[in-house]
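For reference, the chains in residue letters:
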Amino acid sequence: MITIQDLIDSFDEDELAQLTDSDTGEIIDPIKVNKAIEHAEGQVESWLNTIGVVKRSLTGELLYIKATTVPKALIGNTCDVARWYLHKDQITDVVQKRY
């Protein structure tokens, strides 16, 4: 649903580096970012599944019942959730509101 590039485009490469690189705060840790993405996608998918907008195919592919592509707003909202996961115990008011 979303990629590391989507997060960079939505927020800031420096912010992602600071949240994921505990040594220098200069390099994005793709393992940490992908873990946050995985959690965010799971959460968003569960919300959408509840209201009947998505379902999984027999092969595990996520299918959008109401659209053929992922809506841009959904990408943005999923990025907000992933960002919330990356902030962990440093959640700011802005991050909380966007979540």
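Starting from 1, residues in each chain are numbered consecutively following that chain's sequence as written. In keeping with the predicted nature of the model, local features appear solely for residues at pLDDT of at least 70, side-chain atom pairs appear and are counted solely at 80 or more, and the whole-chain, interface and lining totals rest on all residues. The basis for the side-chain values is all heavy atoms of the structure; hydrogens and waters are excluded.

Trainee: Lay out the packing of helix α3 (residues 30–50) against helix α4 (residues 72–87) with the relevant residues and their values.
Mentor: Running from N to C, α3 and α4 cross one another at 125°; their axes reach a closest spacing of 8 Å. One element, α3, and the other, α4, form an angle in the oblique class. Judged by the sense of rotation from one axis to the other, the crossing of α3 with α4 is right-handed. Here α3 contributes Lys32, Val33, Ala36, Ile37, His39, Ala40, Glu41, Gln43, Val44, Trp47 and Leu48 to the contact with α4, which in turn contributes Leu74, Thr78, Val81, Ala82, Tyr85 and Leu86. A class-by-class count of the residues in the contact of α3 with α4 yields 12 nonpolar, 3 polar and 2 charged. Axis definition: a line fitted to C-alpha atoms, limited for helices to the stretch in contact. Angles are taken between N-to-C directions and run from 0 to 180 degrees. Helix and strand definitions here come from DSSP, where helices need a minimum of 4 consecutive H or I residues and strands a minimum of 2 consecutive E residues; each element is numbered from the N-terminal end. For this classification, under 35 degrees means roughly parallel, over 145 means roughly antiparallel, 65 to 115 means roughly perpendicular, and everything else is oblique. Note on convention: near helix rotated counterclockwise from far helix by under a right angle means a left-handed crossing. Clockwise means right-handed. Contacts were defined at the residue level, with two residues in contact if any of their heavy atoms lie within 4.5 Å. All amino acids are sorted into three groups, where Ala, Val, Leu, Ile, Met, Phe, Trp, Tyr, Cys and Pro are nonpolar, Asp, Glu, Lys and Arg are charged, and the leftover types, Gly among them, are polar.

Trainee: Break down the environment of glycine 76 for me, citing the residues and quoting the values.
Mentor: As for its position among the elements, glycine 76 is in helix α4. Exposure classes here rest on a 1.4 Å probe applied to the protein chains alone. A residue is buried below 20% of its type maximum, exposed above 50%, and partly exposed in between. Its relative accessible area of 24% is what places glycine 76 among the partly exposed residues. Note: C-alpha distance between glycine 76 and glutamine 18 (58 residues apart in sequence) is 20 Å.

Trainee: Quick one: what's the story with the nonpolar core, residue by residue and with numbers?
Mentor: Residues Leu7, Leu16, Ile28, Ile37, Leu48, Val54 and Ala82 are the most contacted members of the largest nonpolar core, which totals 23 residues. Elements with a minimum of two residues in this core: α1 (4–10), α2 (13–20), α3, β2 (62–64) and α4. It is α3 that provides the largest number of residues to this core, a total of 6 residues. Ignoring anything within four residues of it in the chain, the contact list for alanine 82 reads Ile2, Leu7, Ala36, Ile37 and Ala40. What is meant by a nonpolar core is a set of buried Ala, Val, Leu, Ile, Met, Phe, Trp, Tyr and Cys residues, joined one to another through side-chain atoms within 4.5 Å.

Trainee: For the side chain of threonine 78, give the residues involved together with the corresponding values.
Mentor: Residue placement: threonine 78 occurs in helix α4. Filtering out sequence-adjacent residues up to four positions away, threonine 78 remains in contact with Met1, Ile2, Ala40, Glu41 and Val44.

Everything listed here is a matter of geometry and, on its own, says nothing about what the molecule does.
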